[in-house]
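Inside the fold
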Amino acid sequence: MDDVREKLSRCFALAFPKMDPSQYAAASAQNTKEWDSIAQLRLLTLVSEEFGRDIDFEEFEGATSFQALEQALQVQ
Amino acid sequence: MRLAEAFQIIGQSSDPAKVKIHLLLGITPLHLETFTQARLMQHFQGAGVDIATGLYGDLEGNVRRACDETAHSAIVVIEWSDIDQRLGIRSSAGWRAETLNDIVNQAEAKCRRLASQLHELATRMPVIVAGPTLTLPPMTYQPPSEESDFELRLKLALAQFLLRAANHHAIRLISDTQLALTSPIEGRHDVNLDLHAGFPYTLKHADALAGLFVQSLFPPAPKKGIITDLDQTLWRGILGDVGVEGINWALEGKSQGHALYQQLLASLADSGVLVAVASKNDPGIVEEAFRRPDILLQSSSVFPMEVGWGVKSEAVGRILQTWNIGPDSVVFVDDSPMELAEVGEKYPAVECLRFPSDNPGAIVDLLWRLRTCFGKREILEEDRLRLASIRNFAEHRSEEGSEVSADFLSRIEGKVTLESAGSDQRAFELVNKTNQFNLNGVRYSEAEWKTLAQRPGAFLATVSYEDRFGPLGRIAVLGGYCTDDACHVDVWVMSCRAFSRHIEFQAIRQLFSKTSAAEIRFRFKSTERNGPLKSFFAHFELNGSTAEGELVLRAEDFGRLCPRLFHQVNDKWMMSEKN
């Protein structure tokens, strides 16, 4: 579990370089101005690279918060 | 490069953008933009780079709008879907026979429009073009193992378009062959991302493209000379052991690799690359070997031939002296690791490459490596003259001794021609590759070079030279601007081939004469290599050892200290009236 969170945090650090790491856990597309559809694609591609997994963009389309992404990655 | 690494590079820089580059595409820029920005920032050692992109699905509009903006350069990425949307997998307009015919007709018209637009863009800035890098979707009824009429007609339209684009000197095309080395065709298309977001490239493919963009925008300066060994390198066999008839370079002798190498050297020599020999051999027998009628590299293309029994690095040193170029401009090829190490130790800047005489595959790799070292976009008149002028001058100097006397210069019938540089590509090339006689070592992009000439009071001239040993072509560039109180020079370079003829003194004399300036202010910067320029200033008691600053040469000091000049001057240099 910690491993998923740590890796996901690394992706957030790259996709949202201006975000304070303490805010990652609560971050979502709703409360993060930079988190638009392009940022979502970048983030998912970084996740795919970091986790070494193929990401189905359709499946992850609704995963627009740190928590939702973490959950989806743990399920997989 | 991984995407994470690209983001790290981009995130590390807080510097203001050093350059702005248009990335013009019809697809979503997404990761191609990220990799291009990261690779450019790597090139600029972390400095910021501004990438401007356009609207999705509107390549033509994006190119048109870029024509109205200023930028360092533009990268244009064309995919089949930009030629016609129906050629992409996001369209479902049908693949029936009549549709295919219409696609070809539309594609031909689109290619013609795009070619005109690219030419227009290229008048404003250098343009890099990547043609379609993806395969077409399975559109025709013919088996994929065979070329279809439809695909051939499309490729023909595309090839005609690319050929037309390539005819403009400011347009460069990305080589698909080179691209395939790092991004094989089967690993390029990310169908999921294409359908989901309109970005059709895999990460690997996007990164490979970005790498080639940067190589094409900022190619390394080509090397100037190659020094080759003979035995087991230029030919198979040890000449001293097997004799002139025993050495070989042919398919029948299982030594075709040596023939290819000879062919490459002959081709390089034709394009202005200096070729010399450094060989431990008997000079007489080498001369005889070069008289063999089947030799592919003629002795007339080689100068000098350093053949003897001395140390290789000493032979290399004498060649460098004759050529008068720095070791970092030279490649040394030998089959012996020991000789390569010995030369490499004495001249660490020389690129030492082993000739793998018993491995044909590795020989072909070496030939590609050499093409990379010496690759240039065009062959100029100066390239054709280079070898003859070096040979003539060196031979004459050896007769006269090492010092060039005023008496010698008075007899060589030197002619100096000054002309406005205008858009002369040679002037741009010379400024960006000259090290030794270079006022400040500043290198210019094509866009920066154009703006130099637009300054108030600006002047930019080339200097050509010939004497009774032959023409040297355009060998110097002098540029700057005039104000009410002085003439300012910030561009001044001269090819090392033109040293010892007092051409630099004549150029400055002409500048004083044309501008009637009381003084010339030189924007000087000391570099590791510009010793010859410092010597010029020392002649006028100016402190060329200053690291950086303005050196002021007064007209009266120049008149007092300038050596006697014997050139005939052909003045074609039209300075504007405000000068």
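Since we're looking at a predicted model, the values are computed, not measured. (Residues numbered from 1 in each chain as written. Chains lettered and ligands numbered in written order. Predicted model: local features only at pLDDT ≥ 70, side-chain atom pairs only at ≥ 80, totals over all residues. Heavy atoms only, no water.)

Here we take up the overall build of chain A. When helices and strands are tallied, chain A shows three helices and zero strands. When its helices and strands are written in sequence order, chain A yields α-α-α. Here the C-alpha radius of gyration of chain A, 11 Å, is about what a compact globule of 76 residues would show, namely 11 Å. With the C-alpha coordinates aligned to their principal axes, the bounding extent of chain A is approximately 25 × 25 × 20 Å. Out of the 76 residues in chain A, the part that is buried amounts to 43%. Put simply, of all contacts in chain A between residues at least 6 apart along the chain, 56% involve residues at least 24 apart. Here chain A carries 7 positive and 14 negative side-chain charges, and the mean point of each set is 6 Å from the other. (Helix = DSSP H or I, 4+ residues; strand = E, 2+ residues; numbered from the N terminus. Rg over C-alpha atoms; globule rule 2.2 N^0.38 Å. Buried < 20%, exposed > 50% of the residue type's maximum accessible area, 1.4 Å probe, protein only. Contact = heavy atoms within 4.5 Å. Lys, Arg positive; Asp, Glu negative; His and termini not counted. Charge placed at Lys NZ, Arg CZ, Asp CG, Glu CD.)

All right, on to the pairing of strand 16 (residues 519–525) of chain B then. Residues and elements named next belong to chain B. Note that strand 15 (residues 487–494) and strand 16 share three bridges and pair parallel. Within strand 16, the residue paired with His488 across the bridge is Arg521. Chirality of the crossover, the property in question, places the unit of strand 15, helix 20 (residues 503–515) and strand 16 among those that are right-handed. (Pairing = 2+ DSSP bridges. Right-handed = clockwise from strand over helix to strand, strands pointing away.)

Residues and elements named next belong to chain B. Running from N to C, helix 5 (residues 97–122) and helix 6 (residues 149–166) point in directions that differ by 10 degrees, and their axes come no closer than 9 Å. Taken together, the axes of helix 5 and helix 6 are roughly parallel relative to one another. Residues belonging to the contact of helix 5 with helix 6 are distributed by class as follows: 14 nonpolar, four polar and four charged. (Axes fitted to C-alpha atoms, helices over the stretch in contact; angles between N-to-C directions. Parallel < 35°, antiparallel > 145°, perpendicular 65-115°, else oblique. Nonpolar A, V, L, I, M, F, W, Y, C, P; charged D, E, K, R; others polar.)

Residue and element names in this part refer to chain B. Evaluation of the coordinates by the stated rule reveals 25 aromatic pairs over all chains. Between the aromatic rings of Phe428 and Trp449, the centroid separation amounts to 6.0 Å while the plane-to-plane angle is 50 degrees, which identifies the pairing as tilted. Here the residue Phe428 occupies a position in helix 18 (residues 425–433), and Trp449 occupies one in helix 19 (residues 446–452), the gap between them amounting to 21 residues. For the pair Phe428 and Trp449, one class covers both residues: buried. Ring geometry for Phe437 versus Trp492: centroids 4.9 Å apart, planes at 85 degrees, classification edge-to-face. Taken together, the residues span a long stretch of sequence, with Phe437 in strand 12 (residues 437–438) and Trp492 in strand 15 at a distance of 55 residues. (Phe/Tyr/Trp six-rings, centres within 6.5 Å; stacked < 30°, edge-to-face > 60°.)

The pLDDT averaged across chain A works out to 89; a share of 97% of its residues lies at or above 70. Mean pLDDT values for the elements of chain A range from 88 in helix 3 (residues 66–75) of chain A up to 93 in helix 2 (residues 37–51) of chain A. (pLDDT = per-residue confidence, 0-100.)

In this assembly, 11 residues from chain A lie in contact with 14 residues from chain B. Between chain A and chain B, the buried area comes to about 1,300 Å², and carbon and sulfur atoms account for 69% of it. By the criterion of area lost to chain B, the three top residues of chain A are Leu14, Arg42 and Glu49 of chain A, representing 45% of everything that side buries. At the boundary of chain A and chain B, one finds zero salt bridges. Joining chain A to chain B, the criterion identifies five residue pairs in polar contact (both at pLDDT 80 or more). The element contributing the most residues to the side of chain A that touches chain B is helix 2 of chain A, with seven residues. (Buried area = accessible area lost by both parts, 1.4 Å probe. Salt bridge = Lys/Arg side-chain N within 4 Å of Asp/Glu carboxyl O. Polar contact = N/O pair within 3.5 Å; in protein donor to acceptor, adjacent residues only side chain to side chain.)

Turning to the side chain of Ser65 of chain A, a few remarks are in order. Mapping Ser65 of chain A onto the fold places it in the loop between helix 2 and helix 3. The contacts of Ser65 of chain A, once residues within four sequence positions are left out, are Ala27, Ser28 and Trp35 of chain A.

Before going further, it helps to examine the nonpolar core. Judged by nonpolar contacts, the single largest core of 66 residues is most densely connected at Val489, Trp492, Ile508 and Phe522 of chain B. For this core, the element with the most residues is helix 20 of chain B, which contributes six residues. Counting residues domain by domain, this core receives three or more from each of domain 2 (225–374) and domain 3 (401–572) of chain B. Counting 65 residues, the second largest nonpolar core, distinct from the first, contains Phe16 and Ile55 of chain A together with Leu23 and Leu134 of chain B. (Core = buried A, V, L, I, M, F, W, Y, C linked by side-chain atoms within 4.5 Å. Domains from an automatic or database assignment.)

A word on the domain arrangement of chain B. How big an interface is tends to be stated in terms of accessible area lost as the parts join. Residues and elements named next belong to chain B. We note that the domain assignment places domain 1 (3–217), domain 2 (225–374) and domain 3 (401–572) within chain B. Here the C-alpha centre of domain 3 lies 35 Å away from the C-alpha centre of domain 2. With five residues of domain 2 at the interface, the matching set in domain 3 holds four residues. Each partner contributes to the roughly 350 Å² buried at the junction of domain 2 and domain 3, and carbon and sulfur atoms together form 29% of this total. With a closest N to O distance of 2.7 Å, Arg529 and Asp328 form a salt bridge. Scanning the region where domain 2 abuts domain 3 turns up two residue pairs in polar contact (both at pLDDT 80 or more). Here the residues of the side of domain 2 that touches domain 3 sort into two nonpolar, two polar and one charged.

Another aspect to go through is the sheet that holds strand 4 (residues 127–130) of chain B. Residue and element names in this part refer to chain B. One open sheet holds the five strands; their spatial order is 2-1-3-4-5, and the pairing between them is parallel. Lying at the two open borders of the sheet, with one neighbouring strand each, are strand 2 (48–52) and strand 5 (171–173). Across the sheet, the mean angle from the axis of one strand to that of its neighbour is 25 degrees, orientation sign disregarded. Taken together, the four bridges between strand 3 (residues 73–77) and strand 4 define a ladder with parallel strand orientation. Residue Val76 lies in a different strand from strand 4, and its bridge partner there is Val129. Taken strand by strand, helix 6 contacts strand 4 and strand 5, and its axis lies near 135 degrees from that of strand 5.

Turning next to a negative patch on the surface. On the surface, a cluster of negative charge is made up of Asp56, Glu58, Glu59 and Glu61 of chain A. By the secondary structure assignment, Glu59 of chain A is in the loop between helix 2 and helix 3. (Patch = residues over 30% accessible without salt bridge, like charges linked within 9 Å, V, L, I, M, F, W, Y side chains within 5 Å. Areas by Shrake-Rupley, 256 points an atom, 1.4 Å probe, with all protein chains shown as cover.)

So, on to the side chain of His205 of chain B. All names here are of chain B. Among the secondary structure elements, His205 is positioned in helix 9 (residues 203–217). A residue is classified by how much of its surface remains accessible, and His205, at 0% relative accessible area, is buried. Of note is the side chain of His205, whose polar atom sits 2.9 Å from the side chain of Thr133.

Time to look at the layout of surface pockets. Reported here for the second largest pocket is a volume of approximately 620 Å³. Lining the second largest pocket are 17 residues, and of these Ala15, Pro17, Glu34 and Arg42 of chain A together with Phe7 of chain B sit closest to its centre. Grouping the amino acids of the lining of the second largest pocket by side-chain chemistry returns nine nonpolar, three polar and five charged. (1 Å grid on protein atoms, 1.4 Å probe; cavity = no way out; pocket = protein on both sides within 12 Å on 5 of 7 lines; lining within 4 Å. Points joined across faces, edges and corners; volume = space filled by probe spheres on them.)

Residues and elements named next belong to chain B. Look at helix 11 (residues 256–270): 21 Å from first C-alpha to last across 15 residues, which is about the 21 Å you get at 1.5 Å a residue. Among all positions in helix 11, only Gly257, His258, Ala259, Tyr261, Gln262, Leu264, Leu265, Ala266, Leu268 and Ala269 are buried. The inward-facing, buried residues of helix 11 abut strand 6 (225–228), strand 7 (274–280), strand 9 (330–334) and helix 15 (360–374). Just beyond helix 11, the residue with positive phi is Gly272, at close to 100 degrees. (Expected span 1.5 Å × (residues − 1).)

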